[in-house]
Amino acid sequence: MKFSLTYDVAGAPEEFFAWLLDPRREEDLYKGELKYRSYETAGRRESEERVVRRAWFQRGGQLPGPVAQLFGPGLSETEDGTFEKADRLWTWRVTPSSLADRIRHEGSLWAEAVDGVRTRLRLEFTFDAKIFSVGGLLETATEKNLREEWDRTVVLYNRQTSA
């Protein structure tokens with residue numbers, strides 16, 4: 001399954017990425033707005049060309065019944081992401097703590113200046129769950145959750161930048 005999202009946000013692309021990659025906003029975004037059960041940066045390296053970050057988290061959202069039974073209550077995920085500064089490109093891969101060999105979750109986020117005061121974000125997601133009888137259900141639920149999370153992320157960002 002693949003899908004895309006596009007948003008316009010306030011400010012320059014560099015401002016958005018500085019906010020997105022700032023460890024101090026983890027409380028506001030992941031534990032606050034998105035209501036993750038836990039979120040922590042497990043590693044971060046920065047050079048002149050890129051930022052590489054690994055994060056570990058447990059989402060707060062509910063999975064459909066059969067999917068929740070399959071994963072159990074302790075599902076966690078690890079995100080490995082890279083931000084290429086010159087390209088204004090953030091790419092990531094998320095690996096679940098179980099069934100990692102049957103799930104592919106990755107994506108890209110590009111940002112481009114629109115008019116000097118706004119930035120257009122273009123997100124592309126790939127999510128495939130090759131799990132007999134519940135793969136499609138998991139894909140549908142994940143797409144819905146990711147759309148809602150990004151809607152809320154953009155609202156929080158715009159609210160914080162206009163304050």
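A. Local environment of the packing of aromatic side chains. Throughout the structure, instances matching the rule amount to eleven aromatic pairs. Measuring from centroid to centroid gives 5.7 Å for Trp92 and Phe125, while their planes differ by 65°, and the two rings are edge-to-face. With a gap of 33 residues between them, Trp92 in strand β5 (residues 89–96) and Phe125 in strand β7 (residues 118–129) connect regions that are remote in the sequence. Linked through ring pairs, Phe16, Phe17, Trp19, Phe83 and Tyr157 together constitute an aromatic cluster. Across the ring face of Trp19, the terminal group of Arg25 is positioned such that the distance to the ring centre comes to 5.8 Å.

B. Summary view of the sheet that holds strand β3 (residues 50–58). Read from one edge of the open sheet, seven strands run β1-β7-β6-β5-β4-β3-β2, paired in antiparallel fashion. Bordering the open sheet on either side are β1 (2–10) and β2 (38–46), each of which pairs with just one other strand. If you compare each strand with its neighbour and ignore which way they point, the axes differ by 15° on average. Two strands pair when backbone bridges link them, and β3 and strand β4 (residues 77–84) are joined in this way by eight bridges, in the antiparallel orientation. If you follow Arg54 over to β4, its bridge partner there is Asp80. Sheet contacts for helix α1 (residues 13–20): β1, β3, β4, β5, β6 (103–113) and β7; angle to β6, the most-contacted strand, approximately 145°. Contacts from helix α4 (residues 135–162) reach β1, β6 and β7, with the element oriented near 5° to β1.

Thresholds, definitions, all that
- Residues numbered from 1 in each chain as written.
- Predicted model: local features only at pLDDT ≥ 70, side-chain atom pairs only at ≥ 80, totals over all residues.
- Heavy atoms only, no water.
- Phe/Tyr/Trp six-rings, centres within 6.5 Å; stacked < 30°, edge-to-face > 60°.
- Helix = DSSP H or I, 4+ residues; strand = E, 2+ residues; numbered from the N terminus.
- Lys NZ or Arg CZ within 6 Å of the ring centre and 35° of its normal.
- Pairing = 2+ DSSP bridges.
- Axes fitted to C-alpha atoms, helices over the stretch in contact; angles between N-to-C directions.
- Contact = heavy atoms within 4.5 Å.

It is worth stressing that arrangement in space is one thing and function is another; only the former is reported here.
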